[in-house]
4 protein chains.
Amino acid sequence: MKEVTYRVRVEFGDCDPARIVWFPNFFRWIDAASREFFVVCGVPPWHELERTRGIIGTPIVNTEARFVSTASYGDTLEVRASVPEWRDKSFVQAYRILCGERLVLECKEVRIFAARREDKPGAIRALPIPEDIRALCS
Amino acid sequence: MKEVTYRVRVEFGDCDPARIVWFPNFFRWIDAASREFFVVCGVPPWHELERTRGIIGTPIVNTEARFVSTASYGDTLEVRASVPEWRDKSFVQAYRILCGERLVLECKEVRIFAARREDKPGAIRALPIPEDIRALCS
Amino acid sequence: MKEVTYRVRVEFGDCDPARIVWFPNFFRWIDAASREFFVVCGVPPWHELERTRGIIGTPIVNTEARFVSTASYGDTLEVRASVPEWRDKSFVQAYRILCGERLVLECKEVRIFAARREDKPGAIRALPIPEDIRALCS
Amino acid sequence: MKEVTYRVRVEFGDCDPARIVWFPNFFRWIDAASREFFVVCGVPPWHELERTRGIIGTPIVNTEARFVSTASYGDTLEVRASVPEWRDKSFVQAYRILCGERLVLECKEVRIFAARREDKPGAIRALPIPEDIRALCS
């Protein structure tokens, strides 16, 4: 199973008055790691896929995260992303965030490959998992 | 069970190139609704509780969210927060985000009341649920 | 001169470890107030103007801000937006952020009405100020 | 004059529906580059300086920025930070953001070294520029 590491340095402004990372920022980095996973596997950027195949991105269907330890500014985090499961019209993406050896967060998401719906402006629909993208990422 | 509603208007900058809310922003609003819940119930602000009782906030232990429909700029969302379960040293906080009648997101978190650890700078520990705060919120 | 007020409540996560608003967040609110100004004046949302007239928004050309006093979570801020000057292909938008009577920030920006450039994907160009929009906003 | 470079990769979520960086994000990176400048020059982190000398950070007094060209996700930006001028109780910090050879943004700020005011909780005051920090950074 492929695993891609996204590195991030925690900044002063990522932390809240309790001086620890304000938790929504972990989801910013998880989303960046999600995209990085596909980029490193050789999948073209979304704006190119939108033009060629109508894929606008991989929006999230659900997420589960466990916050194991805290991080603060100055820390460098590694977000390790993988895709442990491919389904027909969705996939599971998993993440472990580490600060050195220490586990900071574990997260598991279901995402889809999305296209715009022609019948309903603004709405999106799930596409069948593209076989070529799955092959690149496995 | 008390329920508190936090209203938010989705802004242009909350949306990503797919023109829908970039999902980490939902967690920003959930966190604001979490604090709003305590404020509306009459709990003093964290900076006051830190001074008087060493409580620095209610950091998150884990979260589960289900993204049911999308939202975009111009939408007004209602985040309805409640605390369906109190445990010894943690509590469950639940949220439903609605756009009019339409369900956008459901979320359930475990949070703690945290204090700093004297023995380990930067680290935090869970406090027993304060009875008076629990009474205010029930 | 029309003035439109955008209200925002400062949240815990908007503040940094110094317990005051982390300054980039002021620009989030200024941008929201900029759009609010046009919405209140009766200008259609950008996604509608993009479809009908190719206007994708009002990107910023330059900004000057003076941070007069601090704000923290629990504060309610009023961002008062106006357009003191219209030029041929740009306009000046000004803001005063107040916390009650207290001035928190003053800001002056130059913005343009932008369209995509056909010759260069991703690049944008300034449009002449649309007379009807100017009339709505004056 | 010392110059420190802070590198940032633009992410999908940093971009707005016009598919370009939403401008408040540039100030996030500028603030990170400001702190990076001091760290690289050998100045201890703010939480250490708060404990030892009461310095809680370098809040901004005013800023001027000129947005020269756009950036989008996938771009890697270099934020080049310097301190062109030291005053008695403030300093000027300047930034150039580049995408390869292309200039994206120029910015000039006035900042102070701040301490908390004992007489007014939540308020801050400017300290005289610490000579040792100035020496490290020049």
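Given the structure is predicted, the values throughout are model-derived calculations rather than measurements. (Residues numbered from 1 in each chain as written. Chains lettered and ligands numbered in written order. Predicted model: local features only at pLDDT ≥ 70, side-chain atom pairs only at ≥ 80, totals over all residues. Heavy atoms only, no water.)

Let us look at the relation of the copies chain A and chain B. Superposing chain A onto chain B requires a rotation of 180 degrees together with a translation of 0.0 Å along the rotation axis, leaving an RMSD of 0.0 Å. Between the two chains, the operation in question is that of a two-fold axis. It is E64(A) whose C-alpha, among those of chain A, lies nearest the rotation axis, at 2.2 Å. Looking at chain A, 100% of its interface residues are interface residues in chain B too, so the copies touch through the same face. (Least-squares fit on C-alpha atoms with pLDDT ≥ 70 in both. Contact = heavy atoms within 4.5 Å.)

The partner chain D presents 25 residues to the 25 residues of chain C that form the contact. Carbon and sulfur atoms supply 67% of the area that chain C and chain D bury against each other, a total of about 2,100 Å² over both sides. Where chain C touches chain D, the interface holds zero salt bridges. For the pair chain C and chain D, the number of links is eight residue pairs in polar contact (both at pLDDT 80 or more). Those elements giving two or more residues to the side of chain C that touches chain D turn out to be α1 (24–41), β2 (60–67) and β5 (102–111) of chain C. Counting residues per element, the side of chain C that touches chain D draws most heavily on β2(C), at eight residues. Of the residues assigned to the side of chain C that touches chain D, the class counts are 13 nonpolar, four polar and eight charged. In terms of strand pairing, β2(C) meets strand β2 (residues 60–67) of chain D through five bridges, oriented antiparallel. (Buried area = accessible area lost by both parts, 1.4 Å probe. Salt bridge = Lys/Arg side-chain N within 4 Å of Asp/Glu carboxyl O. Polar contact = N/O pair within 3.5 Å; in protein donor to acceptor, adjacent residues only side chain to side chain. Helix = DSSP H or I, 4+ residues; strand = E, 2+ residues; numbered from the N terminus. Nonpolar A, V, L, I, M, F, W, Y, C, P; charged D, E, K, R; others polar. Pairing = 2+ DSSP bridges.)

The subject of this paragraph is the packing of helix α1 (residues 24–40) of chain A against helix α1 (residues 24–41) of chain B. Two numbers describe how α1(A) lies on α1(B): the axes approach to 8 Å, and their chain directions differ by 175 degrees. Comparing the axis directions of α1(A) and α1(B) gives the class roughly antiparallel. Contacts between α1(A) and α1(B) involve P24(A), F27(A) and R28(A) from the former and P24(B), F27(B) and R28(B) from the latter. Looking at the contact of α1(A) with α1(B) residue by residue, the classes come out as four nonpolar, no polar and two charged. (Axes fitted to C-alpha atoms, helices over the stretch in contact; angles between N-to-C directions. Parallel < 35°, antiparallel > 145°, perpendicular 65-115°, else oblique.)

Relative to the helices and strands, R111(B) is located in strand β5 (residues 102–111). Along the primary structure R111(B) and T58(B) are separated by 53 residues, whereas in three dimensions their C-alpha atoms are 5.9 Å apart. Those residues in contact with R111(B) that lie beyond four places of it in its chain are F23(A), D31(B), S34(B), T58(B), P59(B), I60(B), V61(B), S90(B), F91(B), Q93(B) and Y95(B). Among the polar contacts listed, one links the side chain of R111(B) to the side chain of D31(B), at a separation of 2.9 Å.

Taken as a whole and assessed by the stated rule, the structure comprises eight cavities of 30 Å³ or more. Roughly 390 Å³ of volume is contained in the largest cavity. Forming the boundary of the largest cavity are 24 residues, of which R28(A), R28(B), R28(C), N25(D) and R28(D) lie nearest the centre. If you list the elements that add at least two residues to the lining of the largest cavity, you get α1 of chain A, α1 of chain B, α1 of chain C together with α1 (24–40) of chain D. Class assignment for the residues of the lining of the largest cavity results in eight nonpolar, eight polar and eight charged. (1 Å grid on protein atoms, 1.4 Å probe; cavity = no way out; pocket = protein on both sides within 12 Å on 5 of 7 lines; lining within 4 Å. Points joined across faces, edges and corners; volume = space filled by probe spheres on them.)

Before going further, it helps to examine the sheet that holds β2(D). Here 10 strands make up an open sheet; going across it, the order is β1(C)-β3(C)-β4(C)-β5(C)-β2(C)-β2(D)-β5(D)-β4(D)-β3(D)-β1(D) and the pairing antiparallel. The open sheet has two edge strands, β1 (3–9) of chain C together with β1 (3–9) of chain D, and neither has a second partner. Direction aside, neighbouring strands of the sheet carry axes that sit 20 degrees apart on average. With seven bridges connecting them, β2(C) and β5(C) associate as antiparallel partners. Its bridge partner lying in β5(C), N62(C) is registered against V110(C).

Every contact between the two is made by 25 residues of chain A and, on the other side, 25 residues of chain B. Of the roughly 2,100 Å² buried at the junction of chain A and chain B (both faces included), carbon and sulfur atoms supply 67%. Where chain A touches chain B, the interface holds zero salt bridges. Summed over the shared surface of chain A and chain B, the result is eight residue pairs in polar contact (both at pLDDT 80 or more). Breaking the side of chain A that touches chain B down by element, the ones donating at least two residues are α1, β2 (60–67) and β5 (102–111) of chain A. For the side of chain A that touches chain B, the element with the highest residue contribution is β2(A), accounting for eight residues. When its residues are assigned to classes, the side of chain A that touches chain B shows 13 nonpolar, four polar and eight charged.

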